[in-house]
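# Structural features, examined
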Amino acid sequence: MAQPFVKKDDDLDEEEEYSPFYGIEKGAVLQEARVFHDPQLDARRCSQVITKLLYLLNQGETFTKVEATEVFFAVTKLFQSKDTVLRRMVYLMIKDLSPSADEVIIVTSSLMKDMNSKTDMYRANAIRVLCRITDSTLLTQIERYLKQAIVDKNPVVASAALVSGVHLLQTNSEIVKRWSNEVQEAVQSRAALVQFHALALLHQIRQNDRLAVSKLVTSLTKGSVRSPLAQCLLIRYTSQVIRESSTNTQAGERPFFDYLESCLRHKSEMVVFEAARAITELSGVTSRELTPAITVLQLFLSSSKPVLRFAAIRTLNKVASTHPLAVTNCNIDMESLISDQNRSIATLAITTLLKTGNESSVDRLMKQITNFMSDIADEFKIVVVEAIRSLCLKFPLKYRSMMNFLSNILREEGGFDYKKAIVDSIVILIRDIPDAKEIGLFHLCEFIEDCEFTYLSTQILHFLGNEGPKTSDPSKYIRYIYNRVILENATVRASAVSTLAKFGAMVDSLKPRIFVLLRRCLFDSDDEVRDRATLYLNTLGTDASVGGTDEDVKDFLFGPLDVPLVNLETSLRNYEASDIPFDINLVPKEVKSQPLAEKKAPGKKAIGLGAPPSGPTTVVDAYEKLLSSISEFSSFGKLFKSCSPMELTEPETEYAVNVVKHIFDGHVVFQYNCTNTIPEQLLEKVTVFVDASEAEEFSEVLTKPLRSLPYDSPGQTFVAFEKPEGVPAIGKFSNLLKFVVKEVDPATGEADEEGVEDEYQLEDLEIVAADYMLKVGVSNFKNAWENMDPDNERIDEYGLGVKESLAETVSAVIDIVGMQPCEGTEVVPNNSRSHTCLLSGIFIGNVKVLVRVSFGIDGSKQVAMKLAVRSEDPEISEKIHEIVAEG
Amino acid sequence: MAAPDSCPSIKNILLLDSEGKRVAVKYYSDDWPSLSAKLAFEKSVFTKTQKTNARTEAEIVMFDGYIVVYKFIQDLHFFVTGGDDENELILATVLQGFFDAVGLLLRNNVDKRTALENLDLILLCLDEIIDGGIILETEASVIAGKVATHGLDGAASLSEQTISQALATAREHLARSLLK
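Residues numbered from 1 in each chain as written. Chains lettered and ligands numbered in written order. Predicted model: local features only at pLDDT ≥ 70, side-chain atom pairs only at ≥ 80, totals over all residues. Heavy atoms only, no water.

### Looking at the overall build of chain A
Scanning chain A from terminus to terminus reveals 39 helices and 17 strands. In chain A, buried positions account for 52% of the 887 residues. If you take every contact in chain A between residues at least 6 apart in sequence, the share linking residues at least 24 apart comes to 64%. Accessible surface, chain A: about 42,200 Å² in total, of which carbon and sulfur atoms supply 50%. (Helix = DSSP H or I, 4+ residues; strand = E, 2+ residues; numbered from the N terminus. Buried < 20%, exposed > 50% of the residue type's maximum accessible area, 1.4 Å probe, protein only. Contact = heavy atoms within 4.5 Å. Areas by Shrake-Rupley, 256 points an atom, 1.4 Å probe, with all protein chains shown as cover.)

Structure, rendered in structure tokens:
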């Protein structure tokens, strides 16, 4: 096979010129398309021109609107021709041009004629084209034909109609749902693919009806499904039914498991694999259930087909994360895959082995991996590094060989992401395995001696500054750090200066020497470096102490920045130079909920080099601005917290109202955001009448009505309450929207003079304890926890009774206390029986609170919880327990 | 949660030449909204697979959350892409169907030149395998049968086209060499 290939390479130039499309040009082809208008159509020629047009489109050429319309109209002329080849090309062309609605009308009748043609090929294709370009009005016209087509005896026609149905369901679900009788009939078809398409459509029609899906699965699993593809679908639907019913019949046999198991013996590999995968993904799968699936996958591992090996090892890799023991039987097969030609397979094999490996096999594995690392791409290396990290955390005694491995690969060639993954891993190992600290720090020092990535250098220097002074011999790091000041760019130099200062602050014996080094930095060419050196010399200097006590200096150097960076940035932007110095205490501390994208990678974020959590806070700023613009509220002091909006009306009602609770030290302000959704109405004098009879500690102080609320332009009305200073008072409030309604003439937009008073009942709202808690993360929970006075700790245990799952319980508790989960601990790994969640927040009165809460779940789903609270004030620690006990 | 319960779906089918240039491609998903995104995807698929030997058995690679199965013959590279929770063997079946159908349609003369000369057949073939991401047919003989029901005289027209094209390019070639 290689020979003709080589020959091709030789006369490559020649070959390219022989391409039938050599030198093709859009303009010329569009000219050629005039042949479509000839009274005597030359079908062959026309097909060739269409092929050329399609070629251009396929190469990424685009037609302007005018060109497309012109081509489209020309192409519609070709329906006159009886030539079958040409007709097929016309269909393709229409689909590729995706004509607009008014153009579609032109071809509709031709296509409808083809739909009823005697030629099955025409019928099938016309259905697909028409359904692709149709809209709902047209669809009702052709619905009758489509229903017939679904049960057509020609499988190609039936499939065309069914597949079109699947597409149409997205846009015209009402119409397609009316076809379910025909689709049901098609499920029984003898033609394999018709059955597949019918099953897919039927399931999509009924997917929201659990009972119907369950019935469908029950009847089909008894065995009338022929096509392997349909069988795969059925397996997917079956696992869906199992998933949804598992809560009801926890004990005893799992329904439909027999069916899944029988599919493992199907003659098609596609079905066997689908079933094996479905079994491994069952929630709470037992090892007895896993065994047959693993056996099948193990056989696939030694298949000659790479796709099969890949599919099997990928599934085993996932299983190994939760059930490593179940996979150990395959270890020998997987070890032989390390040398697989396909590097994806090899990487998956390695990482699976790392998950299933035991302490004694670690050294041997590391040896194999070392050989393997040199010939795979960076992206695979990162996967391996991450797997090694978790292995090392599992077997901390083996840190030596793994640390060595990491430092070796750190010295080799590699891109930024790869190097970052290694550095992150070393940092985590240093944090979690105390014995590994010195050797790890040493490797990092070696690395920054020759590191091309500024980001990594600065991060390592920062880390070194925190950890280095605590080691037995801090002085040995100074050389590495000072080398940076001499050799690196300004950014790295500046962070090296900070690191030096940290050593100086922590290690008294080194202080004089650090001073000498810092003084040299005063002559640096860069502003930032000089500024930092000056600052540190002054804060650390015993004579001129700007920083005050020793404690303050350390707090300044090591303390976390307790405001989110984004908030600080916006505050600084808003700050206008004046006589009043910028006060960092005025920066809002609320961390807004993380955007969704970050949630996707739980745990990844916080475990890195201690990046402080940050998030968009523009909403909070906007509230603060809004409230400070209202003079009545100015006496309330600094805004402590604004809660996220809570809907007080059902969606799609006449008036949409949501409320934002603003918490001040001695006041609460309810901000009602109202929207009028009726074009014929203008609302005036809008207020909310609040009944606070179930909130004894609150008393209403003022109401700020909304003068007018025209259609579709939201407005706000406010109600403020007084409450005892600094006390987390709770209560329930019922709300009634009151207003004067005026009719509006939709034509002129003018409102009537006369209005009618009216009111509208809103839902109740509550002030709960969590409203007094600010979500504020800490960058290093362990440090923060240890720095809190243990005397203020309050521990208690709670039995929570039977719960659905741990994950649900954890998120419920987080909601009750309203605190910020740290280090990704809000995510509960699947199937885990216990979990510890770290929470941090600031309670009203600016009291820092940290919570460490451990959950455990037993076989009967009984959940127990141990809650340890540390805060700056023991009373607040008590208070948190009260909140949890009530919630 | 919808993904694992849903119908198997194909994100794209690519037929590239030995330099990674398009012969015929078809996208069924909005994951690559622009031409440049599509070309970038094709480039990275091509470079990631270029050095592998996918001539006897279909090969597989996973990157950026996609699974790509592929097979090469002569100077043609066939690719089928699916999402990362797709059953790999279903993708491989689609690939094999496409690959074999092209072989049947081109009468085992599968290389870039023949493919371009019969581009209409290739495009019809793609159209008969996948409709909007849903698998229509995977059996090569059925696919080829559907394309070729009327393909016989179509093929004749193409060979004629080939001759005239060859003449045209030859003329052009001559003209250019004279101008040099």
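There is more to say, and it comes next.
### Overview of the side chain of Thr356 of chain A
Tracing the sequence through the fold places Thr356 of chain A in helix H22 (residues 343-356). Those residues in contact with Thr356 of chain A, other than ones at most four positions away along the chain, are Ala320, Pro324, Val327, Thr328, Asn331 and Met334 of chain A.

### Quick word on the side chain of Thr81 of chain B
Residues and elements named next belong to chain B. Positionally, Thr81 belongs in strand E5 (residues 76-83). Here Asn12 takes part through its side chain, which lies 2.6 Å from a polar atom of the side chain of Thr81. If near-sequence neighbours (up to four positions away) are discounted, Thr81 is found in contact with Ile10, Lys11, Asn12, Trp32, Phe41, Tyr66, Ile67, Val68 and Leu91. (Polar contact = N/O pair within 3.5 Å; in protein donor to acceptor, adjacent residues only side chain to side chain.)

### Quick look at the nonpolar core
The biggest cluster of nonpolar side chains holds 248 residues, and the ones touching the most others in it are Phe36 of chain A together with Phe78 of chain B. Sorting elements by how many residues they give to this core places helix H3 (residues 88-105) of chain B first, with eleven residues. Filtering out sequence-adjacent residues up to four positions away, Phe78 of chain B remains in contact with Leu14, Leu15, Val69, Tyr70, Lys71, Phe72, Ile73, Leu95, Phe98, Phe99, Val102 and Val110 of chain B. Core analysis: the next-biggest nonpolar cluster, separate from the first, contains 63 residues, Tyr655, Phe733, Leu762 and Tyr772 of chain A among them. (Core = buried A, V, L, I, M, F, W, Y, C linked by side-chain atoms within 4.5 Å.)

### Observations regarding a negative patch on the surface
A surface patch of like charges, here negative, comprises Glu680, Glu743, Asp745, Glu750, Asp752, Glu753 and Glu754 of chain A. The topology assignment puts Glu754 of chain A in the loop between strand E9 (731-743) and strand E10 (756-761). (Patch = residues over 30% accessible without salt bridge, like charges linked within 9 Å, V, L, I, M, F, W, Y side chains within 5 Å. Salt bridge = Lys/Arg side-chain N within 4 Å of Asp/Glu carboxyl O. Lys, Arg positive; Asp, Glu negative; His and termini not counted. Charge placed at Lys NZ, Arg CZ, Asp CG, Glu CD.)

### Focus: unusual backbone geometry
With a phi close to 45 degrees, Lys685 of chain A is a non-glycine residue in the positive phi region. Tracing the backbone through its elements, the reader meets Lys685 of chain A in strand E5 (residues 681-694).

### Focus: the interface of chain A and chain B
Taken together, the contact pairs 66 residues of chain A with 70 residues of chain B. Interface area lost by chain A to chain B is led by Asn58, Arg236 and Val307 of chain A, which between them contribute 11%. The tally of links from chain A across to chain B stands at nine salt bridges. Ionic pairing is found between Arg132 of chain A and Asp131 of chain B, a salt bridge with its closest N-O pair at 4.0 Å. Put simply, chain A and chain B have 19 residue pairs in polar contact (both at pLDDT 80 or more) between them. (Buried area = accessible area lost by both parts, 1.4 Å probe.)

### Quick notes on the sheet that holds strand E3 (residues 59-63) of chain B
Residue and element names in this part refer to chain B. On the basis of which strands lie adjacent, the open sheet formed by five strands has the order E2-E1-E5-E4-E3 and antiparallel pairing. Each end of this open sheet is capped by a strand with a single partner; those strands are strand E2 (22-27) and E3. With direction set aside, neighbouring strand axes in the sheet form an average angle of 20 degrees. Where helix H2 (residues 35-49) meets the sheet, it contacts strand E1 (12-17), E2, E3, strand E4 (66-73) and E5, and its direction lies at approximately 115 degrees from that of E2. In the packing of helix H5 (residues 119-129) onto the sheet, contacts are made with E1 and E2, and the angle to E2 comes to roughly 20 degrees. (Pairing = 2+ DSSP bridges. Axes fitted to C-alpha atoms, helices over the stretch in contact; angles between N-to-C directions.)

### Regarding the pattern of salt bridges
Residue and element names in this part refer to chain A. Counted by the stated rule, this structure contains 43 salt bridges over all chains. The partner of Glu528 in a salt bridge is Arg532, and the shortest N-O contact between them spans 2.8 Å. One end of the pair is Glu528 and the other is Arg532, both in helix H32 (residues 527-540) and four residues apart, which spans about a single turn. By relative accessible area, Glu528 is classed as partly exposed at 39%.

### As for a nonpolar patch on the surface
A grouping of Leu572, Tyr575, Phe582 and Ile584 of chain A is seen on the molecular surface, where their side chains present a nonpolar patch of about 320 Å² in accessible area. As for its position among the elements, Tyr575 of chain A is in the loop between helix H34 (565-574) and helix H35 (596-599).

### Digging into the environment of Ala124 of chain A
All names here are of chain A. Relative to the helices and strands, Ala124 resides in helix H8 (residues 120-133). A sequence separation of 34 residues divides Ala124 from Ala158, and the C-alpha atoms of the two residues are 7.7 Å apart. Those residues within four positions of Ala124 in sequence are excluded, and the remaining contacts are Val156, Val157 and Ala160.

### A word on the packing of H3 of chain B against H5 of chain B
Residues and elements named next belong to chain B. Interhelical geometry of H3 versus H5 gives an angle of 145 degrees and a closest axis separation of 10 Å. Of the two elements, H3 crosses H5, and the hand of that crossing is right-handed. Here H3 contributes Val94, Phe98, Ala101, Val102 and Leu105 to the contact with H5, which in turn contributes Leu121, Ile122, Cys125, Leu126 and Ile129. Its residues assigned to classes, the contact of H3 with H5 comprises ten nonpolar, no polar and no charged. (Left-handed = near helix turned anticlockwise from the far one by under 90°. Nonpolar A, V, L, I, M, F, W, Y, C, P; charged D, E, K, R; others polar.)

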